[in-house]
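The chain contents come next:
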Amino acid sequence: MRAAVCRAFGEPLVIEDLDLDPPQDGELRVKIAACAICHSDIHYAEGAWGGTLPAVYGHEAAGEVVQAGPGVDSPGVGDPVIVTLIRSCGNCFYCDQGMPYLCEAEFPVDRKGRLHTKSGTPVLQGLRTGGFAEEVVVHHSQVVAVPRSMPLESASLLACGVITGFGAVAGTARIPAGCSVVVIGAGGVGLNSIQGAAICGARQVIAVDVLEEKLESALSFGATATVNGAQGDVGAAVRRLTGGRGADYAFITVGNARAMEEAMDVIRPGGTAVIVGLPAVGETSAFETQAIAGTGQNILGSKMGSTRLRVDVPRLVDLYCEGRLKLDELITRTYPLDEINEAIAAVKRGEALRNVIVF
């Protein structure tokens, strides 16, 4: 099996032959058709969050089920599916609370991985998936069926970027219609927060970024105004746009500690800042706690958009099929696996919303 293996943090990805064990109880084997490149893959490959090597990253994938382990009836062999890193047992404390994205269970694959070299050396399936490979074996809870009519390149985006950005708005914050929203960062996740806010009925959707081309994209995804963060005081600009008060909600979709501090300056008293992006381990933000308490501001963390896969993905598929959710427009370019380094480099340079590896 061909896959992109990261052997050392910061080194280029290489292509190797690997073996993949057959699915065991509760698992599925999926032939990957497309896997989008998320910044989380890049951060892990560069060692920003630690981890184990060698590893195959990639976690925003779609493909076709080719083998089912014991106890798995659905999705079935031949079904087109998305493959995500969200994995849930259905029985732990968090699953019982309706928060499967925080599942605390240990799975058999955690004790013995399914991916290894032909000589037997274990290879980590990065972010529980290992989607930069021709096939993956994952727990059935990580897989959701999609319509056969849906392009798998577009479907793959539902596995992370869309559910994270859209879900932060609709699932974590549950914004009401008529509210004002600021989205800091107009990349792949940010654009999904922007279109999520528009679909949920926000009256104002203000996009903040430092790149004009991303701000132009934000307008096509539903932003009603834009602010270039490199050209002045973002807080003052947002207050001018919101009657001097500040926004009801701010979504920080970039993994930048400074942006999280900035968010507290753009929300009104009683407003809510939602932390969506993940900074590197060890980065911190500084807030004046007296001011937060005195103005009744709120801070929420959003893990994978608080997504319940079996409920939320079908809804997003319906929105896409109705022409209300933009997925095709998020794809900047597709690349074969052999060109994955070029695809990743373009993402790092800020030249792409989502580059997708196709098999």
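Fair warning: this is a prediction, and the values are worked out from it, not measured in the lab.

**Student:** I'd like a description of the side chain of Asn228, backed by residues and values.
**Tutor:** Relative to the helices and strands, Asn228 resides in strand 13 (residues 225–228). For Asn228, the side chain forms a polar contact with the side chain of Glu212, separated by 2.8 Å. A polar side-chain atom of Asn228 sits 2.8 Å from the main-chain amide nitrogen of Ala230. Those residues within four positions of Asn228 in sequence are excluded, and the remaining contacts are Asp209, Val210, Glu212 and Leu215.

**Student:** A description of the pattern of salt bridges should follow, citing residues and the corresponding values.
**Tutor:** For the structure shown, the criterion picks out 19 salt bridges. A salt bridge links Arg2 to Asp338, with the nearest nitrogen and oxygen atoms 2.4 Å apart. With Arg2 in strand 1 (residues 2–5) and Asp338 in the loop between strand 17 (331–336) and helix 12 (340–348), this residue pair connects regions lying 336 residues apart in the sequence. By relative accessible area, which is 28% here, Arg2 ends up partly exposed. What makes Asp338 exposed here is its relative accessible area of 56%. Salt-bridge contacts for Arg7 lead to Glu16; the nearest nitrogen and oxygen are separated by 2.1 Å. The exposure class assigned to Glu16 is buried, which follows from its relative accessible area of 19%. Look at the salt bridges and you will find they share partners, linking Arg308, Asp312 and Arg315 into a network.

**Student:** Please provide a residue-by-residue account of the side chain of Ser156, values included.
**Tutor:** Assignment of secondary structure puts Ser156 in helix 4 (residues 152–156). Residue Ser156 is classed as buried on the basis of its relative accessible area of 0%. Aside from chain neighbours lying at most four places away, what touches Ser156 is Ala34, Ala36, Glu60, Ala61, Ala62 and Val356.

**Student:** So what about the packing of helix 5 (residues 161–173) against helix 6 (residues 188–199)? Which residues, and what values?
**Tutor:** When two helices pack together, their arrangement is given by the angle between their axes and by how far apart the axes lie. Packing of helix 5 against helix 6 leaves a shortest axis separation of 7 Å and a crossing angle of 45°. One finds that helix 5 runs oblique with respect to helix 6. Helix 5 and helix 6 meet at a crossing whose hand is right-handed. On helix 6, the residues touching Gly161, Val162, Thr164, Gly165, Phe166 and Val169 of helix 5 are Val189, Asn192, Ser193, Gln195, Gly196, Ala197 and Ile199.

**Student:** An account of the sheet that holds strand 11 (residues 180–184) is requested, with residue identities and associated values reported.
**Tutor:** On the basis of which strands lie adjacent, the open sheet formed by six strands has the order 13-12-11-14-15-16 and parallel pairing. At either margin of the open sheet sits one strand with a lone partner, and together these are strand 13 and strand 16 (298–301). The mean inter-strand angle of the sheet, taken between neighbouring strand axes irrespective of direction, is 20°. The pairing of strand 11 with strand 12 (residues 204–209) spans five bridges and is parallel. Bridge pairing in strand 12 places Ser180 opposite Gln204. Packed on one face of the sheet, helix 7 (residues 212–220) meets strand 12 and strand 13 and runs near 165° to strand 13. Each of strand 11, strand 14 (247–252), strand 15 (267–275) and strand 16 is contacted by helix 9 (residues 257–266), which is oriented at about 155° to strand 15, the strand it contacts most.

**Student:** Run through helix 7, naming residues and quoting values.
**Tutor:** Three or more residues of helix 7 are buried, namely Lys214, Leu215 and Ala218. Considered in projection along helix 7, the buried side chains sweep an arc of 100° and stay on one side of the axis. Considering only its buried residues, helix 7 is in contact with helix 6, strand 12 and strand 13. Positive phi appears at Gly222, one or two residues downstream of helix 7, with a value of about 120°.

**Student:** Got a sec to walk through the environment of Val77? Specific residues and values, please.
**Tutor:** In this fold, Val77 is placed in the loop between strand 5 (60–68) and strand 6 (80–83). Owing to a relative accessible area of 58%, Val77 belongs among the exposed residues under this scheme. Note: C-alpha distance between Val77 and Met99 (22 residues apart in sequence) is 28 Å. With near-sequence residues (within four places) excluded, Val77 lies in contact with Val65, Val66, Gln67 and Ala68.

**Student:** Can you tell me about the sheet that holds strand 1, naming the residues and giving the values?
**Tutor:** The sheet built from three strands is open, its strands ordered 1-2-7 with antiparallel pairing. The open sheet has two edge strands with one neighbour each: strand 1 and strand 7 (115–117). Taken over all neighbouring pairs, the strand axes of this sheet differ in orientation by 60° on average, direction set aside. Relative to strand 7, strand 2 (residues 14–20) runs antiparallel, the two being bridged by three bridges. Considered in strand 7, the bridge of Leu20 is made with Leu115.

Conventions used here
- Residues numbered from 1 in each chain as written.
- Predicted model: local features only at pLDDT ≥ 70, side-chain atom pairs only at ≥ 80, totals over all residues.
- Heavy atoms only, no water.
- Helix = DSSP H or I, 4+ residues; strand = E, 2+ residues; numbered from the N terminus.
- Polar contact = N/O pair within 3.5 Å; in protein donor to acceptor, adjacent residues only side chain to side chain.
- Contact = heavy atoms within 4.5 Å.
- Salt bridge = Lys/Arg side-chain N within 4 Å of Asp/Glu carboxyl O.
- Buried < 20%, exposed > 50% of the residue type's maximum accessible area, 1.4 Å probe, protein only.
- Axes fitted to C-alpha atoms, helices over the stretch in contact; angles between N-to-C directions.
- Parallel < 35°, antiparallel > 145°, perpendicular 65-115°, else oblique.
- Left-handed = near helix turned anticlockwise from the far one by under 90°.
- Pairing = 2+ DSSP bridges.
- Arc of directions from axis to C-beta.

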